[in-house]
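# Fold and contact review
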Amino acid sequence: MRRFPDRTAVPGRSATGPGPPPGSVTPSADTGSGHPPPAAAPVARTPAAPPAEIRRTGPGRSLRPPDRQVPGQAVEAAESQSPLISRHYCRAHGARPSHHRGRAGPVGLQLAAPLERDGCDYAVLDGGGRSWQAEWLVMATGVSRLHEPPVPGLGLAERYDTFDPGPASFTDQRVLVIGKGNSAFETADGLMEKAAVIHVAGPRSVELAWKTHYLGHLRAVNNNFLDTYQFKSQNAVLDGTVESIEKSGGGGFGVMLRYARTTEPPRELHYDRVIVCTGFRFDVSVSDETCRPTLVINGRSPEQASSSESVNVPDLYFAGTLMRQRDFKKSTNGFIHGFRYATCALHRILGARHLGTPWPARTFTTAPEAIADAVIGRVNRSSGLWQQFWFLGDVVGVDGDRAVYQEEVPLDYVTDGGLGPAPHRFVVDLEYGPEHERADPFGVGVPRVVENDADHAMDSTYPHPVVRHCRDGVPAGTLHLAENLENEWNLPAVHRQPLTAFVKECHD
């Protein structure tokens, strides 16, 4: 595409310049969405064997096995599948993978015991019996464990990550698929050819990704099953909670289901097969009690601060799909096209915190026209802002006669003071309008704001730039720039002039 030529960049590569310097974290290409990743980055459906020991030990500043020195100060605990992923991904996009790029490059460890922490250093025991030490640890292990709801008898069911998806064995059978995400509907869709009856069950509403703009919701590629339900082909979506699973005397299973939308008592339904497709979670077993991170989202993700650091384990950071906790069901950290930019931001945060390397910046005059031109130029070409709406923003700090422009900074990191103080600061990101997920995008009766209407830009529904001004860290003003059908936010009277006037007003 013309405006975003690097949308197929190698993971971890900056959207507007060369890739990060040696030492950055390379995320693994797991999508966390429950459905297969793009063909460019194939991943085996069965998660890798769980890693094993990482612990915290005494002081030390280098990552080293017992028999040789490896320069660097951080270690990445990466998925064992990552070399395969990188090889396929890079071949498809004409890039050369490098797993040893100098200081602190990925070392492809497969852990052999729980992560431990003793003092101020982490120690990682790999499958070969070698111990690695590092002062800081970045985990990019993905969501590798099946999420198993606390349902009595769930162990009797087949699992999404291990069952044989070949439809022939399901011929003329009644099948229950537990879950309402992409993995559940992908499974149901694959079995429709042979199964007699398929029910997909879960307590929450089915959310369609094309409506909510969240890729983890049901994608169109997986929703053919809905036609067979609504056109009465013996299949159904059940809104309710599975309360128990038991073996039936005559074979198969009896499942107690409590409906979510009625007051009737639980109903027993009978099936030949039951498959659990309830998503995946972070494998916390890789950490022992000295460095076990707090979990959120029903125990599925490690809780993180705005720096992607664990909220309760110092110097433990997360990259890749594990960053999804930062913007869960709102932006794109759960997917490779999103977390590649968040991981680049993490690299810069680590550099600023531990290596004395400030966030990359350029300076120019504080003239309102110069600031407006810089912002307009970036929102029209930055793939980082485009892919990570509501999460990353460009920041213009103004102090005296100098403006400092810093690109693709996590918005919450700015709010938490990660960039330090500034008398004036302008932050721009891309956002959808309020309640955008409730509007029917195909309903011709749904009113829409007029395209390029600068006076009503705050009512825009689809992605548009939002510029916020902070004075000494306190929010002081907000400007919405009008949405445009082709996302060209550079019209003089519609975008440049209102932004210039806003910046001037904020300075006065």
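Residues numbered from 1 in each chain as written. Predicted model: local features only at pLDDT ≥ 70, side-chain atom pairs only at ≥ 80, totals over all residues. Heavy atoms only, no water.

### Describing the environment of valine 395
Rule in force here: Helix numbering and strand numbering both begin at the N terminus, where a helix is a DSSP run of H or I of at least 4 residues and a strand a DSSP run of E of at least 2. The cut-offs for exposure are 20% and 50% of the maximum accessible area for each residue type, with area from a 1.4 Å probe on protein chains only; residues under the lower value are buried, those over the upper are exposed, and the others partly exposed.
Relative to the elements of secondary structure, valine 395 occurs in strand 20 (residues 392–399). Residue valine 395 is classed as buried on the basis of its relative accessible area of 1%. Sequence separation between valine 395 and tyrosine 405 is ten residues; the distance between their C-alpha atoms is 5.8 Å.

### Some points on the pairing of strand 11 (residues 236–247)
Note the following rule: Whether two strands pair depends on DSSP finding at least two bridges between them.
Alignment of strand 10 (residues 197–202) against strand 11, held across four bridges, turns out to be parallel. Its bridge partner lying in strand 11, glycine 202 is registered against aspartate 239. Bridging between strand 11 and strand 12 (residues 253–259) involves seven bridges; their strand directions are antiparallel. Following the sheet pairing, valine 242 is matched in strand 12 by leucine 257. From the end of strand 11 to the start of strand 12, which pair antiparallel, there are five residues, and glycine 251 there has a positive phi angle of about 105°.

### Brief notes about the pattern of salt bridges
Any two side chains of opposite charge can pair, so long as their charged atoms come close to each other. For the record, the criterion: Definition used for salt bridges: Asp or Glu carboxyl oxygen within 4 Å of a side-chain nitrogen of Lys or Arg.
Counted under the stated rule, the structure contains 16 salt bridges. The closest approach of N and O atoms between aspartate 239 and lysine 180, which form a salt bridge, is 2.3 Å. Pair noted here: aspartate 239 is in strand 11 and lysine 180 is in the loop between strand 9 (174–178) and helix 2 (182–191), with a separation of 59 residues, a long-range link. Exposure class is identical for aspartate 239 and lysine 180. Each is buried. Residue arginine 496 is joined to aspartate 373 by a salt bridge in which the shortest nitrogen-to-oxygen separation is 2.6 Å. With arginine 496 in helix 9 (residues 492–507) and aspartate 373 in helix 6 (residues 368–379), this pair connects stretches of sequence that are 123 residues apart.

### As for the packing of aromatic side chains
So the rule is basically this: Planes of paired rings set the category: under 30 degrees apart is stacked, over 60 is edge-to-face and the rest tilted, where pairs are Phe, Tyr or Trp rings (Trp by its six-membered ring) whose centres lie within 6.5 Å. A ring has a charge above it when a Lys NZ or an Arg CZ is no more than 6 Å from the ring centre and no more than 35 degrees off the ring normal.
For the coordinates displayed, the defined rule picks out 14 aromatic pairs. An angle of 65° between the planes, with centres 6.0 Å apart, marks the rings of phenylalanine 185 and phenylalanine 225 as edge-to-face. With a gap of 40 residues between them, phenylalanine 185 in helix 2 and phenylalanine 225 in helix 4 (residues 224–230) connect regions that are remote in the sequence. Assessed through its relative accessible area of 0%, phenylalanine 225 is described here as buried. Joined through ring pairs, the aromatic side chains of Phe389, Trp390, Tyr432 and Tyr462 make up one cluster. Over the face of the ring belonging to phenylalanine 170 we find arginine 273, whose NZ or CZ atom lies 3.8 Å from the ring centre.

### Digging into the sheet that holds strand 8 (residues 158–159)
Think of a sheet as strands paired side by side through backbone hydrogen bonds, with each pair either parallel or antiparallel. So the rule is basically this: Every residue pair with non-hydrogen atoms within 4.5 Å of one another is taken to be in contact. Lines are fitted to the C-alpha atoms to define the axes, a helix being fitted only along its stretch in contact, and any angle between axes, read from their N-to-C directions, falls within 0 to 180 degrees.
With respect to topology, seven strands assemble into an open sheet ordered 8-14-9-10-11-12-13, the strand pairing being mixed. Only two strands of the sheet have a single partner each, and these edge strands are strand 8 and strand 13 (267–271). Its contacts with the sheet place helix 2 against strand 9, strand 10, strand 11 and strand 14 (273–276), and it is angled at close to 175° to strand 10.

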